[in-house]
Every structure is written in C-alpha cells, then in structure tokens.
Amino acid sequence: MSTIHPFSEQLVSWYEKNARDLPWRQTNDPYLIWLSEVILQQTRVAQGLPYFEKFKENFPTVFDLAAAPENVLLRHWQGLGYYSRARNLQKTAKIVVEQFKGFFPKSYQELIKLPGIGPYSAAAISSFAFGEPHAVVDGNVFRILARYFGIEVDIADSKNRKIFEKLANDLLIKSQAAKFNQSIMEFGSLQCSPSPNCDGCPIKIGCFAFLNGKVNSLPVKTNKVKILSRFFNYFVIEKNNKILVKKRANKDIWEGLYEFYLIETESVLSLQEILLNDKKIAFFANFTNELPAPKPHQLSHQKIYSKAFHVQIPDNFEFELGGEYEWKSAIELEELGKPVLIGNLITDNFQLPVFNS
DNA sequence: AACGCGGGGAG
DNA sequence: CTCCCAGCGTT
C-alpha cells in the first residue's frame, strides 16, 4: 500500500509554496536538528528562535554542549521554561559524546532512549536528519487530522494517541518523510491553526470539520488543569555587597534555578506574620524594607503570589546560613539561571546598591 | 493513565 | 480572561 493519499499530496504542494524560512530547515546536522526540536517542545517558533540562535552560537557542536557546566546551560535556557529540557539536553549530549563518539544514533528506536527525546522528537530527528519514515504526531497533527478526517476522540486521553499515530503513518509519504512532516506541522501552524483560516484553505473541500461545521469543536480536548495558588515571600539578603541565593531543589517548579531566601506561606501575610515562624532572619526585621510586590506570576498550573523584601545586614554583623545558601556578587548572580519572577524582581529593583557595583 | 512542568502570544 | 504552543518524565 504505497499509494499517496490526496491529502498528503496537497499538503506537500501547499508547503512548497508557503514554507517559512526557518534556520533548522537549512541543515541536516542531527545535532542542530535535535537542538531545535528540544527547544521547540511545547514552545512557539517565535519564542524558541532566538534561543536556537544563541545555543548554536555558544555551543556549535555536541561536544561543546556536553562540556558546558549545567549552571551555564540553565542560564542560557533562562526564560524559555520547562527547565528539565535543559538538564536532559546535557544528559543526552554526554551520552552521545561518551557512548556514540559524538554521532547521534540514526534510528527512532535508539533516539527515543535518549533523555528528553520522546515519540515526537524521535520521529522528527530520525526523519529530518536521516530520512527515516516516521510520522511526527504533535499538537498540529492532532488538530489537522481530527478536523480533516473527523476524529472525535479526546486528544487529551493518551490511549487515543495511537489512533493518530496510525493515521499519520498511513498518510506519510515514506520517500519524502522529512518534507511531509515539515508540511503537516507548517500547515497546522499557518493554515489549520487553533483559530483556522478556512477561507484560504486549499483542502477545505475534503475537510470533515469544514463540511460539517465542526471546525471550532475539533479537536476534542478535555481540560482538567487546576491552578494551585502559592505565596512566595522573597528576602533579598545583602551583606558586604553580596546577596544570599539558593538553588531550588528537586520535585518542584524551577528545579536547578537560583532564587533568594524564600519563605513560602499558606496565604498573603504581613512581614511581621511572615517572620513570626522564622528562626533564621527574624532578628533582622529592623533592617528589612518591603519592595514593590511583583505581579502575580502565572504558570500553566500554578499561580505565584509574591512579596519581596530587602534585608540590609550591616557588614560587621555575624550572619551565616551555611549549607545550601551561597553569597553571590551582582556579577556572579547575573551568571546564574533564575526564574523569570526572580529576574524581574532584580530588574524592577535595580537601584539596590549591590546591583550597581 | 494521570499528573507536573514555564512562559508567552493570540483571540 | 482562555487556550495552547514542533512534549517528556515520573508516578
């Protein structure tokens, strides 16, 4: 069964006339393909593009990436979100260097074993870099196939993924796997977007959703994300022109990124209330000034309400928290990967002496 | 199978 | 506001 479905033919034809000129389409280097695919996971092209250029510039080869300190990688990743991608990026870079002598494995089955490479990325890399016939299934593909072929199952239910994978692989033009995969994703991005441009669509005449007035109800996706509210009280503790920071631990947001001394509470509290249960810095209440409160920070599944305080400890006072806390100068702080919330907090309060030194 | 994980752009 | 983006790893 190697006949080409009209859908596939028209899609590729559309792509050849409408494709954007994106940098990762100008190379067959599996390293750059891989880098771009990881950057683009759950990330819009416009947001990922500058990061791709920056990583390509700073880490031209997989050897450069494998050799970089994790903190440097997280600093470059700052602002892109889903920071486990940056940590897995380096795990895979090291595996490729140490186990494969710097050459990426070529097969889907080998690629998917690497950290940070799942079904989508394995299909993308194996087809784009090596021409292997594996159809990508991402958000675009779910949307296009659900609409065009009238698949009304819940795409949020993982058991339905195989329905789309089967169909996508049946539609795949095996001799042009890379171009077909690029075509379907570009079509989803530019034509069959969440809010689609059906007027200018070249394949609407065959589209189930268009013909049945279901463009706005397909794909079916249940949404059950509940937003957790959290209350972060940050203390920018300064002494001897240095700031106290701590690396965030496992199994919470922003793992591996740096932040200031944090007291998390169950609700919005006053400074006095916050310090009531604190054993370490309550003594310095008289040296503490409240900073303008940062805007609530919205994550996909948490909303962070925060307050910020500046604690100016006199140079001759004894004060050490030890352990996981580190004193950093403004320059050292700049070089650490930080959540956007912390970056904004610094920028918004740039008048602090330590940040001007 | 369900959940946790960022940040931002578009409507 | 809501939706969702070139998804993946953990439990």
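Residues numbered from 1 in each chain as written. Chains lettered and ligands numbered in written order. Predicted model: local features only at pLDDT ≥ 70, side-chain atom pairs only at ≥ 80, totals over all residues. Heavy atoms only, no water.

For chain A, the name recorded in an unreviewed UniProt entry is Adenine DNA glycosylase, with Sandaracinomonas limnophila as its organism. Recorded under Catalytic activity (unreviewed entry), the UniProt text for chain A is reproduced unchanged: "Hydrolyzes free adenine bases from 7,8-dihydro-8-oxoguanine:adenine mismatched double-stranded DNA, leaving an apurinic site." According to its UniProt record, chain A has this under Sequence similarities (unreviewed entry): "Belongs to the Nth/MutY family." (UniProt positions renumbered as here; feature names shortened; annotations may be inferred.)

1. Describing the protein's contact with DNA strand C
With respect to spatial proximity, 26 residues lie near DNA strand C, and among them Trp-24, Leu-40, Gly-116, Gly-118 and Ser-121 are the closest. Of all DNA strand C atoms lying within 4 Å of any protein atom, the proportion belonging to sugar or phosphate reaches 62%. In the environment of DNA strand C, a base oxygen lies 3.1 Å from a nitrogen or oxygen atom belonging to the side chain of Arg-44. Those elements giving two or more residues to the surface near DNA strand C turn out to be helix 8 (119-130), helix 9 (139-149) and helix 11 (177-190). In terms of residue class, the surface near DNA strand C is built from nine nonpolar, 10 polar and seven charged. (Near = heavy atom within 4 Å. Polar contact = N/O pair within 3.5 Å; in protein donor to acceptor, adjacent residues only side chain to side chain. Helix = DSSP H or I, 4+ residues; strand = E, 2+ residues; numbered from the N terminus. Nonpolar A, V, L, I, M, F, W, Y, C, P; charged D, E, K, R; others polar.)

2. Quick notes on helix 11
The terminal C-alpha atoms of helix 11, which comprises 14 residues, lie 20 Å apart, in line with the 20 Å expected from a rise of 1.5 Å per residue. By the criterion of burial, helix 11 is predominantly enclosed, with 10 of the 14 residues buried. Listed as buried for helix 11 are Ala-177, Phe-180, Asn-181, Gln-182, Ser-183, Ile-184, Met-185, Glu-186, Phe-187 and Gly-188. Tucked into the core, helix 11 has its buried residues touching helix 1 (6-18), helix 8, helix 9 and helix 10 (161-171). (Expected span 1.5 Å × (residues − 1). Buried < 20%, exposed > 50% of the residue type's maximum accessible area, 1.4 Å probe, protein only. Contact = heavy atoms within 4.5 Å.)

3. Brief notes about the environment of Gly-118
As for its placement among the helices and strands, Gly-118 is situated in the loop between helix 7 (108-111) and helix 8. Classification of Gly-118 as partly exposed rests on a relative accessible area of 25%. Put simply, Gly-118 and Val-38 are 80 residues apart on the chain and 9.9 Å apart in space, counted from C-alpha to C-alpha.

4. Let's talk about the UniProt feature "domain: HhH-GPD" (unreviewed entry) in chain A
Annotation from UniProt places "domain: HhH-GPD" (unreviewed entry) at residues 39-190. Across residues 39-190, the secondary structure splits into 64% helix and 0% strand, with the terminal C-alpha atoms separated by 19 Å.

5. Notes on the protein's contact with DNA strand B
Taken together, 21 residues surround DNA strand B, and among them Tyr-83, Trp-254, His-297, His-301 and Gln-302 come closest. Each atom of DNA strand B within 4 Å of the protein was classed as base or backbone; sugar and phosphate made up 57%. The backbone of Leu-80 places a nitrogen or oxygen atom 3.2 Å from a base nitrogen of DNA strand B. His-301 is positioned such that a nitrogen or oxygen atom in its side chain is 2.7 Å from a phosphate oxygen of DNA strand B. Classifying every residue of the surface near DNA strand B by side-chain character gives eight nonpolar, 10 polar and three charged.

6. Notes on helix 2 (residues 30-39)
Because an α-helix completes one turn every 3.6 residues, residues spaced three or four positions apart along the sequence face the same direction. Most of helix 2 is tucked away: 10 of the 10 residues are buried. Every buried residue of helix 2 is listed here: Pro-30, Tyr-31, Leu-32, Ile-33, Trp-34, Leu-35, Ser-36, Glu-37, Val-38 and Ile-39. Looking at the buried residues of helix 2, the elements they touch are helix 3 (45-58), helix 4 (62-67), helix 5 (70-77), helix 6 (84-100) and helix 8. Between the side-chain oxygen at the start of helix 2 and the backbone nitrogen of Tyr-31 there is a gap of 2.9 Å, and the oxygen is on Asp-29.

7. Comments concerning the pattern of salt bridges
Applying the stated rule across the entire model yields 17 salt bridges. The salt bridge involving Lys-246 is made with Glu-324; its shortest N-O contact spans 3.7 Å. Here the residue Lys-246 occupies a position in strand 2 (residues 242-247), and Glu-324 occupies one in the loop between strand 6 (302-312) and strand 7 (325-328), the gap between them amounting to 78 residues. Via salt bridges that share partners, Arg-230, Arg-248, Asp-252, Glu-259 and Glu-264 belong to a single interconnected network. (Salt bridge = Lys/Arg side-chain N within 4 Å of Asp/Glu carboxyl O.)

8. Looking at the packing of helix 5 against helix 6
In contact at an axis separation of 9 Å, helix 5 and helix 6 are set at 135 degrees when each is read in the N-to-C sense. Classified by the angle their axes make, helix 5 and helix 6 are oblique. The chirality of how helix 5 crosses helix 6 is right-handed. For the pair formed by helix 5 and helix 6, the contact residues are Glu-70, Leu-73, Leu-74 and Trp-77 on the first element and Arg-85, Ala-86, Arg-87, Leu-89 and Gln-90 on the second. Residues belonging to the contact of helix 5 with helix 6 are distributed by class as follows: five nonpolar, one polar and three charged. (Axes fitted to C-alpha atoms, helices over the stretch in contact; angles between N-to-C directions. Parallel < 35°, antiparallel > 145°, perpendicular 65-115°, else oblique. Left-handed = near helix turned anticlockwise from the far one by under 90°.)

9. Focus on the side chain of Ser-127
With respect to the element layout, Ser-127 can be found in helix 8. Within the structure, the side chain of Ser-127 is placed 2.9 Å from the backbone oxygen of Ala-123, a separation counted as a polar contact. Beyond its immediate chain neighbours, meaning those up to four positions away, Ser-127 contacts Glu-132, His-134, Ala-177, Ala-178 and Asn-181.

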